[in-house]
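Okay, here's what each chain looks like letter by letter:
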Amino acid sequence: MAARAKELICAVLLVLCGAAAPGSRADARESVGGQRDQTAPQTRATRVVSLVPNVTEMLFAVGAGSQVVGVSSYDDFPPETKTLPRVGALLDPDTERIFSLRPNLVIVYGSQTELEGQFARAGIRVYPYRHAGVDNVLQTIRDVAQLTGHQTEGDRVVRDLRSQLDAIRARVRGRPRPKTMLVLGRDAGSLRGVYTSGGVGFLHELLDIAGGDDVFGDIKRESVQPSNETMIVRAPEVVIEMHSGESPPADVLRRERAVWNSLVSVPAVRNNRVYLLYGSYLMAAGPRLGRAAEALARVLHPEVYR
Amino acid sequence: MIRGRLISIVLGYGTLAAGACVLAPLVGSTHISLARAFDRSIPFADNVDAQIFFVARMPRVLTGAIVGSTLASAGVVMQALLGNPLATPFTLGVSTGAALGAVLAITFGSNLAISALASVPIASLAGAVVASVIVYALATRPGRPISTMVLLLAGVTLNAFFSALILFVQYAADFTQAYRTIRWLMGDLDVGGFQPIVAALPLVLVALGLFAFLPRSLNLLSVGADIASTRGVDVGRTQRLAFLSASLATAAAVSLAGPIGFVGIVVPHLVRLMVGVDHRIVLPASALFGAAFLIGCDLIARTVLAPVEVPVGVVTAMVGGPFFLWLLVRKS
Amino acid sequence: MLRAEGVSFGYEGGFSLQDATVAVSPGSLTGLLGPNGCGKTTLLRLLCGVLRPQNGRVLLGDRDIESMARRDLARHVAVVPQETHPAFDYSVLEMVLMGRHPHLGAFQLEGPADLEIARTALAATGTAHLAPRNYMTLSGGEKQRVIIASALAQATELLLLDEPTASLDLGYQLEIAALLARLNREQNVTMVLATHDLNLAASLCDRLVVMRDGRVLTHGATRDVLTGNMVRQLYDVDADVAFHPRAGHLTVVPVKRLP
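Residues numbered from 1 in each chain as written. Chains lettered and ligands numbered in written order. Predicted model: local features only at pLDDT ≥ 70, side-chain atom pairs only at ≥ 80, totals over all residues.

Topic: the interface of chain C and chain B
In step 1: If you look at the interface, chain C gives 24 residues, while chain B gives 22 residues.
In step 2: Ranked by the residues each element gives to the side of chain C that touches chain B, the list is headed by helix 2 (residues 70-74) of chain C, at three residues.
In step 3: Each residue belonging to the side of chain C that touches chain B can be placed in one class, and the counts come to 14 nonpolar, five polar and five charged. (Contact = placed C-beta atoms within 7 Å. Helix = DSSP H or I, 4+ residues; strand = E, 2+ residues; numbered from the N terminus. Nonpolar A, V, L, I, M, F, W, Y, C, P; charged D, E, K, R; others polar.)

A word on the interface of chain A and chain B
In step 1: If you look at the interface, chain A gives 35 residues, while chain B gives 31 residues.
In step 2: Contributing elements (two or more residues each) for the side of chain A that touches chain B: helix 1 (2-7), helix 2 (9-16) and helix 10 (228-234) of chain A.

Some points on the pairing of strand 1 (residues 2-10) of chain C
Residues and elements named next belong to chain C.
In step 1: Bridge analysis of strand 1 against strand 2 (residues 15-24) gives six bridges, and the strand direction is antiparallel. Each residue of the ladder has a partner; that of Ala-4, found in strand 2, is Val-22.
In step 2: Alignment of strand 1 against strand 4 (residues 55-60), held across five bridges, turns out to be antiparallel. Bridging across to strand 4, Arg-3 finds its partner in Leu-59. (Pairing = 2+ DSSP bridges.)

Here's the deal with the nonpolar core
The nonpolar side chains of a soluble globular protein tend to be buried with one another.
In step 1: Val77(B), Leu47(C), Val96(C) and Leu160(C) are the most contacted members of the largest nonpolar core, which has 178 residues in total.
In step 2: A total of 15 residues in this core trace back to one element, the largest contributor, which is helix 13 (residues 279-303) of chain B.
In step 3: When residues are assigned to domains, this core turns out to be shared by domain 1 (1-76 + 156-176 + 186-259) and domain 2 (83-155) of chain C, each giving three or more.
In step 4: Counting 93 residues, the second largest nonpolar core, distinct from the first, contains Ile232(A), Trp260(A), Leu263(A) and Tyr179(B). (Core = buried A, V, L, I, M, F, W, Y, C linked by C-beta atoms within 7 Å. Buried ≥ 20, exposed ≤ 12 C-beta atoms within 10 Å, placed from the backbone. Domains from an automatic or database assignment.)

Some remarks on the sheet that holds strand 2 of chain C
Residues and elements named next belong to chain C.
In step 1: Strand order in the open sheet formed by four strands is 2-1-4-5, and the pairing between neighbours is antiparallel. The sheet is open, and its two borders are formed by strand 2 and strand 5 (63-64), each paired with just one other strand.
In step 2: Across the sheet, helix 1 (residues 40-47) lies against strand 1, strand 2 and strand 4, angled at about 120° from strand 1, the strand it touches most. (Axes fitted to C-alpha atoms, helices over the stretch in contact; angles between N-to-C directions.)

Describing the pairing of strand 9 (residues 238-243) of chain A
Residues and elements named next belong to chain A.
In step 1: Counting buried positions along strand 9 yields six of six residues, so the element is predominantly enclosed.
In step 2: Burial along strand 9 is two-sided: Val-238, Ile-240 and Met-242 and Val-239, Glu-241 and His-243, pointing in opposite directions, are all buried.
In step 3: Taken together, the four bridges between strand 5 (residues 179-185) and strand 9 define a ladder with parallel strand orientation. Across the sheet, residue Leu-182 finds its bridge partner in strand 9, namely Ile-240.
In step 4: Where strand 9 lies against strand 10 (residues 274-278), five bridges are found, and the strand directions are parallel. Across the sheet, Val-239 pairs through a bridge with Val-274, a residue of strand 10.

Some details on the domain arrangement of chain C
Residues and elements named next belong to chain C.
In step 1: When its domains are assigned, chain C resolves into domain 1 (1-76 + 156-176 + 186-259) and domain 2 (83-155).
In step 2: Computed over C-alpha atoms only, the centres of domain 1 and domain 2 are separated by 25 Å.
In step 3: Listed by partner, the interface residues are 11 residues for domain 1 and nine residues for domain 2.
In step 4: Grouping the constituent residues of the side of domain 1 that touches domain 2 by class yields six nonpolar, two polar and three charged.

What to know about the environment of Leu93(C)
Residue and element names in this part refer to chain C.
In step 1: Residue position: Leu-93 is located in helix 3 (residues 92-97).
In step 2: In this structure, the C-alpha to C-alpha distance between Leu-93 and Ala-124, residues 31 residues apart in sequence, is 14 Å.
In step 3: With near-sequence residues (within four places) excluded, Leu-93 lies in contact with Ala-118, Ala-131 and Pro-132.

Concerning helix 13 (residues 289-300) of chain A
Residues and elements named next belong to chain A.
In step 1: Over its 12 residues, helix 13 runs 17 Å from end to end, which matches the ideal 16 Å to within 8%, given 1.5 Å per residue.
In step 2: Listing the buried residues of helix 13 in full gives Leu-289, Gly-290, Ala-292, Ala-293, Ala-295, Leu-296, Ala-297 and Leu-300.
In step 3: Structurally, helix 13 contributes buried residues whose contacts are with helix 7 (134-147), helix 8 (151-172), strand 5, helix 9 (202-209), strand 9 and strand 10. (Expected span 1.5 Å × (residues − 1).)

Structure, rendered in structure tokens:
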């Protein structure tokens, strides 16, 4: 359940926080910046509770793993998080539990304003995370690295990620960019309830980096729910389904791939370019971004990865 | 006299419904040419117009016809059974039961589908059946007529209880599941092919077939249960048949396309305004008009804000709400 | 023709009718008379099969009505209830045609013969001109006459009526009474009517069943049963009961309440 939970946390957040505008990135930076001004440089956060799984990943990636004392109900990466106390998530944060862990930094969702207020009143530093594009992810890594006193590691992680993404960009440069539909979910066993990435957000940006042309790039929303007709009309050349769970048994995989066969006129179906990708790293807006981008690039441009 | 009226009205509304089925796939956010769609010389896989017509729109229109006709006629039967023109197919809890089944399948069901049918439609059908059985058990005593008051109370209670359960399950669900639940609750005629339609068809046909036995008895029943009895109506049997068939119809429709509101109450009222209140005419006319109505609403849903699609339940609500306001104003 | 033998019926609290035996002979106009709560409506509902007796039985001819199919019974016994509130806006003609139900097959539609019977029934109750009107828009008296017409359309030999003139103006009361008397006389329709109106009973009924507190006190020919004594027993009222030459029947004039 946790894997599936993380499966589309990002994509669904996109829906919930649909109004997440570029301005929010500035907010995140401002709150950190403000705190930087208010607190002495030595007061790094030694007890961190994180309600946001991808930010938890970032904490571990920058070396602050030992400072994490509480995680959300949906955390499962890295494996160390599995033994940490769970404090709820977006809908059901367990404030009592959080307080009992005596944190000096709590990472919450940007929409949990009441929670923010509660912690602020209790004198506990709060970092509100708002979901946006790749740059926002990198900035968040830097922010949490700095808050936990791992600035250098944070900068290194960001540098590595950037060069990873740049490398991918370079590899696919000049290759024709296929019209790609990035499917984030649909009803099992059928083509109902399909929803895909839209022209905004970090998944869209990853697709762009990986050398794909988002078939819904003109729709400035983070997710799109296309009808069968829309999919036929848009005629994507490649369809990539992203699942954050584990790969299912072969017969299920075959059946799930086969549901696309009813859209015979879609080029992706005719040329057998429908890919089903499985892995928890695929939609984690965190340090494994690069791996996700590479996975996309490998299916979009297999010829440059021989 | 009534035979003539019945035939002409059924023919008229039948033409409307058939026309809607045939014309609606032609219209949409993308322009297609009928000539091209039916041009046999172009291979089917290459013929985008044909693809749009047959693969994308036709199943949708057929689903709209099936769901529209079943919900509208179930609404008529429910209104007669409860003796109340404000009753809907969802009044006695069938759709809430379906919703609970769907929510449980979405939240706790694995991603594996059972044979050709995905788990959500089956779970929602099961939920609808469970809800109907509970209401039936609460409201009936063997051999005695059903008290409509008790039936209504049982339905309302079940609605409240199951709604609370749904909220509880949603609270325990994660974002994806909550989102998928909301989408299901909005209703969707884009069922993704002909298979779900074929699966739902037997239930629908059985329910519509059972409806055929009801109209005259419903006329008498809606004047009064006792007086109907003295005129030879087996009140208990009529009530049970009405409840069973309306619940079956609603369960089939909701498990196919989700709970699409307002069809079951707007269409019967509109039809009564046009053809009078004799159930022998209202029931078939509502079924036919309901098909055309939902196809029309879906047409609006997929074209008005293209390329974004409005959920069809929103369109039926936007049509239904003002209609009822107007009815209210007219009555007072 | 219609007989109740020792029937009893009760709800949770107790019996509303106990051990009632009533015989209705063909062609008679029987009144079930008594104050409110005496059980006359319950007895009427038992006689037409809407209620099932907890003790005793009701016989139509020599058949127990419980063993009869409802449609079959409906071809012999029609009922005019005290009030009718349809849930939808049926027209007067539609309301009357509903009386044809027991004579129609499952999917049969009304034919010209049924229509003729309905129109005759409407004419007999003086409501032919109301045929296309919405039933709900009629006055109380008109509604009652329409319901009687629908019972007539049922073409039965027995007609049971529950307080047929209770909601009517004086003029309509007399009119309905005259109508019922005529139907009984000319078409030989046997009638049973439940009423608390002594004068109606006196003017219309040739036989009376007098009831009080869920029991039958006495029954017999009106002229034998309807006495000042009976009125005192039933209502604790001192009344004059006398034959009124101009009216042509017994009349009851209440004088004073007895302590």
